[in-house]
Amino acid sequence: MKHSRERERERERERGFVMKGSAMVRGKVLLSIVVMVCFFCDVLVEKSQAIWLNLPATGTKCVSEEIQHNVVVLADYVVVSNYESSIPTISVKVTSPYGNILHHKENVTHGQFAFTTSEAGNHQACLWVDSNPGGGEVSVIIDWRTGIAAKDWESVARKEKIQGVELELRKLQGSVEAILINMSYLKIREAEMRTVTERTNARVAWFSIMSLGVCITVSGLQLWHLKQFFKNKKLI
């Protein structure tokens, strides 16, 4: 009896160790999945990008980004100068893929533009120097943010009264939604490109068939003409 009870206790202990081990393994797997999701969110979601530009004394420099439809864009720009008394001024013009002006400022040292895209395609921001008392190039910093990176999470936290882990989870949820939107956009673009490729292949095939038909027709006409020529000359 004593030996059987001891064996039962040992078995219960072994079961407890196995259950604890499986729970630890599940926890590690869950943690690794969360880390992978965070990594892919950081990689795939568009983030804030600060750009340093050196504008020439004459001429224009442009930066552009391909943005899909209904995406929030927020950007800040500022002229960098070592002399506070004579800061150069610049002009900034932002246009949509179809040439619509989204932002236009002249003789400014800093500014901001924000809009929600109504057209999918390449959005372009062009900058040029209006005045530079010191001469030479003018340095400008542009902080360009799109999508989830342009969202004001501080106001969201104040409005919904969330903070800490809950706020980070909301950011993660927004990142996942942005990834899904980007994936669906890429699928649509892939379908459009496939349709264009198939149409191009069909047109090339028809053009090849027409070219072959024209060559055969011209060759037949040449043979008929030569035959008539030789008959008229009584050579055949």
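Per chain, residues are indexed from 1 in the order of the written sequence. The model is predicted, so local features are restricted to residues of pLDDT at least 70 and side-chain atom pairs to those at 80 or more, both for listing and for counting; the totals for chains, interfaces and linings are taken over all residues. Side-chain figures throughout are based on the complete set of non-hydrogen atoms in the structure, without hydrogens or water.

As named in an unreviewed UniProt entry, the chain is Transmembrane emp24 domain-containing protein p24delta3-like isoform X2, taken from Rhodamnia argentea. UniProt positions are given in the numbering used here, feature names are shortened, and annotations may be inferred rather than shown by experiment. UniProt annotates the chain under Sequence similarities (unreviewed entry) with the comment "Belongs to the EMP24/GP25L family."

**What about the pattern of salt bridges?**
We count a salt bridge whenever a side-chain nitrogen from Lys or Arg sits within 4 Å of a carboxyl oxygen from Asp or Glu. Tallying each qualifying case throughout the model produces four salt bridges. The residue Arg 145 makes a salt bridge to Asp 76 at a minimum N-O spacing of 2.6 Å. Within this pair, whereas Arg 145 is found in strand 8 (residues 138–146), its partner Asp 76 is found in strand 3 (residues 72–80), the two being separated by 69 residues in sequence. Exposed residues in this analysis have more than 50% of their type's maximum accessible area, buried residues have under 20%, and partly exposed residues fall in between, with area computed by a 1.4 Å probe over protein chains only. Residue classification places Arg 145 among the buried positions, given a relative accessible area of 19%. For Arg 145, the salt bridge is made with Asp 143, and the minimal N-O distance between the two is 3.8 Å. Among the charged side chains, a network of salt bridges with common partners joins Glu 66, Arg 189 and Glu 192. To qualify as a helix, a DSSP run of H or I must reach at least 4 residues; to qualify as a strand, a run of E must reach at least 2; elements of each kind are numbered from the N terminus.

**Thoughts on the state of the cysteines**
In this description, the term disulfide denotes a pair of cysteine sulfurs within 2.5 Å. This structure, assessed with the given rule, holds one disulfide. Here Cys 62 is linked by a disulfide to Cys 126, with a sulfur-sulfur distance of 2.0 Å. For the disulfide bridge between Cys 62 and Cys 126, the dihedral angle about the S-S bond is near 105°, and by the sign convention the bridge is right-handed. Separated by 64 residues along the polypeptide, Cys 62 in strand 2 (residues 60–67) and Cys 126 in strand 7 (residues 121–131) bring together distant segments of the chain.

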